[in-house]
Amino acid sequence: MLISQIPQTARIIERVQESPTIFTWTLEFVDPDVQASYAFRPGQFNMLYLPGAGEVPISIVSDPRDPHLRHTIRAVGRVTKAMAKMDVGEVIGVRGPFGRGWPLEQVAGHDLLLITGGLGCAPLVSVIHYAMKRRETFGRIAIIQGVKHADDLIWRDHYAEWAQLPDVQVLLAADVAGKQWRWHVGLVTDLLGQVRMDLDKALVMMCGPEPMMLASASHLQQLGCPVDHIWLSMERNMQCATGHCGHCQYGPDFICQDGPVFPLPAIQDRLGVKGY
Amino acid sequence: MDAFLLKSDFSRLFTLLSEAGYRVLAPALDEGVIRYREVDSIEPLKGLCDEQGPGRYRIQHGDSNRYFDWRNGPDAIKPLTFLPRETLWQSSRHSGLTFTEQPVKGNPTAIIGARACDLAAFSLQRQHFGKAPLEDRWFSKRAEALFIVAVECQSSADTCFCHSTGDGPAIDDGYDLWLHELEEGFLICAGSDPGQQILQQLPTQAVTDEQLHARDGQLQQAIAQQTRQLPEGSLYEALRTRQDAAAWQEIAKRCLSCGNCTAVCPTCFCHSQHDQITADPDVFDHVRQWDSCFNEQHSYIHGIVIRKETKSRYRQWLTHKLGSWHEQYGRSGCVGCGRCITWCPVGIDITETVRQVLEQANAD
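Residues numbered from 1 in each chain as written. Chains lettered and ligands numbered in written order. Predicted model: local features only at pLDDT ≥ 70, side-chain atom pairs only at ≥ 80, totals over all residues. Heavy atoms only, no water.

We now examine the packing of helix H3 (residues 116-129) of chain B against helix H4 (residues 137-144) of chain B. All names here are of chain B. Look at H3 against H4: their axes get within 9 Å of each other, and the N-to-C directions meet at 140°. Classified by the angle between their axes, H3 and H4 sit oblique to one another. Between H3 and H4 lies a crossing of left-handed hand. On the side of H3, the interface is formed by Phe122, Gln125, Arg126 and Phe129, while H4 contributes Phe139, Ser140 and Ala143. Here the residues of the contact of H3 with H4 sort into four nonpolar, two polar and one charged. (Axes fitted to C-alpha atoms, helices over the stretch in contact; angles between N-to-C directions. Helix = DSSP H or I, 4+ residues; strand = E, 2+ residues; numbered from the N terminus. Parallel < 35°, antiparallel > 145°, perpendicular 65-115°, else oblique. Left-handed = near helix turned anticlockwise from the far one by under 90°. Contact = heavy atoms within 4.5 Å. Nonpolar A, V, L, I, M, F, W, Y, C, P; charged D, E, K, R; others polar.)

This is how it looks when you write it as structure tokens:
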């Protein structure tokens with residue numbers, strides 16, 4: 001079911017503070033029919049609405065088979081800062097799901113390299129959950145997560161847990177190390193050489209700051225990864241999510257409908273170009 | 001061209017459209033500018049002509065007996081179907097959180113005097129707002145309720161270049177009724193069933209060869225008067241590969257980033273959405289309103305503005321309009337109406353800008 005133009009009401013049934021500015025909501029639609037029929041694909045997003053504040057596009061972090069929808073939100077703008085103050089039991093509006101998700105039907109049987117940077121890891125976390133729950137479907141899995149400061153790393157427990165699974169490699173990097181940082185200090189691209197898989201066959205999915213994705217994509221191709229094996233999740237301003245408002249245009253693409261997930265060849269002509 | 005309507009019988013058109021249940025909008029002089037207004041006569045337009053140039057629009061009062069000697073005002077069809085500002089839905093906190101869609105009235109509306117460029121632009125807006133799978137119901141309902149009386153241009157303004165974009169001055173389709181003004185009256189034909197129903201009630205005469213010849217002459221004159229032009233085909237690659245051309249910076253020195261060009265552009269579709277308080281503190285209107293890629297907030301994303309500099313905003317506008325529009329909708333987003341040139345407060349000329357960017361980068 002797609003809630004495209006008028007929001008549906010959803011209740012916050014759980015709230016987890018992930019870091020000083022990041023929180024995760026578990027949501028339940030108030031209308032049981034909507035709750036039962038709502039379905040999405042990893043990599044898609046919803047427009048979350050707070051009365052009086054407005055709407056924001058937020059990617060979905062839960063697994064499609066989970067009973068409830070989950071969103072991880074960073075309080076950075078006017079709407080998300082207001083949302084950060086809301087408690088369990090309060091209600092919001094939800095429109096969605098929108099956009100094209102990750103190409104999971106093409107991924108089965110392949111090794112998976114998942115690269116995220118900064119705090120933009122939410123779109124990819126849905127894939128990590130998806131892959132971990134269907135571990136037998138995939139070959140090796142490597143997760144590379146980079147953050148600016150060690151304190152920015154959320155879901156430490158998850159990473160530790162995933163690293164214990166067979167054929168799962170977790171590589172973490174921070175530009176600035178903090179106390180007890182036992183992983184790499186530096187950039188995500190420094191870690192690409194440590195990935196234990198055939199990069200000419202693996203499929204790569206990434207999201208995060210564009211300079212990180214650009215550098216990683218270029219480095220991966222030098223390591224033998226074919227350009228059409230690389231998928232990225234892009235972000236731009238979104239107001240309508242239905243392809244009409246024009247804000248998310250990225251070259252000829254409307255990210256809300258043609259993305260947010262793109263194969264690298266589709267956007268290579270503009271990735272990293274200032275002003276696009 | 002089925003028929004000829006005498007000028008003395010033109011007022012019948014207003015009566016028939018009103019009787020058929022349409023709200024009738026026709027060109028009218030309003031604060032020095034010709035705009036579409038609810039009027040019941042075009043008599044005040046007699047002898048009016050618009051003098052247009054870069055950053056310039058003046059109405060001249062002449063003694064001709066023509067009603068459509070002017071070319072275009074700042075409005076096209078756009079504000080009638082894609083409202084400058086409208087409430088999409090309301091939210092209420094009276095009982096939990098509930099949402100109500102704002103009903104679109106979609107009252108039957110007839111617009112008299114749409115030009116070739118306006119029809120081309122309306123067709124582009126229909127493509128954009130009507131695209132599958134998520135049609136914009138607010139736009140579509142109004143578009144369906146529109147009855148268009150198109151009037152061909154008999155001359156061109158200094159800013160017109162519709163011949164170069166392939167959109168005018170002749171009008172081929174997209175109308176309910178079509179008119180071409182001559183000295184004694186109008187050539188007229190219908191382009192739809194509702195148009196045919198109106199036409200058959202009008203007291204028309206047979207068309208003569210002289211009248212057809214006179215129309216050709218006027219169209220040829222209008223074409224000959226157009227001095228501006230745009231290069232053919234998609235400029236996406238040409239502009240994208242020249243994204244660092246110094247010409248962008250030169251334009252940015254003059255561009256005020258005011259967004260006038262996007263407001264008068266009949267194809268520009270960008271809009272923002274926001275909540276607005278109402279008299280009831282627990283009820284909010286979710287409003288959309290025209291936005292412009294020249295506004296800083298247009299490219300805001302979690303604390304960052306993607307297009308901070310004017311040159312990158314101008315480049316975005318032009319690259320979309322003349323480049324990526326081709327990829328999106330199979331043709332250019334410019335219909336050659338010249339409004340962005342006329343209404344730019346500093347007179348920036350899109351055709352000149354394109355020439356500068358393409359020339360300069362080629363020379364590099």
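Here we come to the pairing of strand E12 (residues 271-277) of chain B. Each regular strand shows side chains that alternate between the opposite faces of the sheet. Residue and element names in this part refer to chain B. In this sheet, strand E13 (residues 283-290) lies alongside E12 in antiparallel orientation, the contact comprising seven bridges. Each bridged residue has a counterpart across the sheet, and for His271 the counterpart in E13 is Trp290. What sits between the antiparallel neighbours E12 and E13 is a turn of five residues. (Pairing = 2+ DSSP bridges.)

All names here are of chain B. The strand order across the open sheet formed by four strands is E7-E6-E13-E12, and the pairing between neighbours is antiparallel. Each having just a single partner strand, strand E7 (98-101) and E12 make up the two edges of the open sheet. Across the sheet, the mean angle separating the axes of adjacent strands is 25° when strand polarity is ignored. Sheet topology note: the strand E6 (residues 85-92)/E13 ladder contains seven bridges and is antiparallel. Pairing of Trp89 across the sheet is with His286, part of E13.

As a further point, take the interface of chain B and chain A. Contact with chain B, which involves 48 residues of that partner, is made by 44 residues of chain A. Overall, the association of chain B and chain A removes approximately 3,700 Å² of surface from exposure, summing both partners, and the carbon and sulfur fraction of that is 54%. Contact with chain A buries area across many residues of chain B, yet Leu97(B), Phe99(B) and Leu134(B) alone supply 17% of it, more than any other trio. At the junction of chain B with chain A, the criterion picks out two salt bridges. Salt-bridge contacts for Glu309(B) lead to Lys274(A); the nearest nitrogen and oxygen are separated by 3.4 Å. Remark: the boundary between chain B and chain A carries 25 residue pairs in polar contact (both at pLDDT 80 or more). Looking at which element gives the most residues to the side of chain B that touches chain A, the answer is helix H11 (residues 310-329) of chain B, with nine residues. (Buried area = accessible area lost by both parts, 1.4 Å probe. Salt bridge = Lys/Arg side-chain N within 4 Å of Asp/Glu carboxyl O. Polar contact = N/O pair within 3.5 Å; in protein donor to acceptor, adjacent residues only side chain to side chain.)

Residue and element names in this part refer to chain B. Counting buried positions over the six residues of strand E11 (residues 185-190) gives six, a clear majority of the element. Across five bridges, strand E10 (residues 177-181) lies against E11 in antiparallel orientation. Directly across from Trp178, in E11, lies its bridge partner Cys189. The turn linking E10 back onto E11 is made up of three residues. (Buried < 20%, exposed > 50% of the residue type's maximum accessible area, 1.4 Å probe, protein only.)

With respect to the element layout, Ser233(A) can be found in strand E12 (residues 230-233). Discounting chain neighbours no more than four positions away, the residues touching Ser233(A) are Trp102(A), Pro123(A), Met206(A), Cys207(A), Met213(A), Pro260(A) and Val261(A).

These figures capture arrangement, not role.
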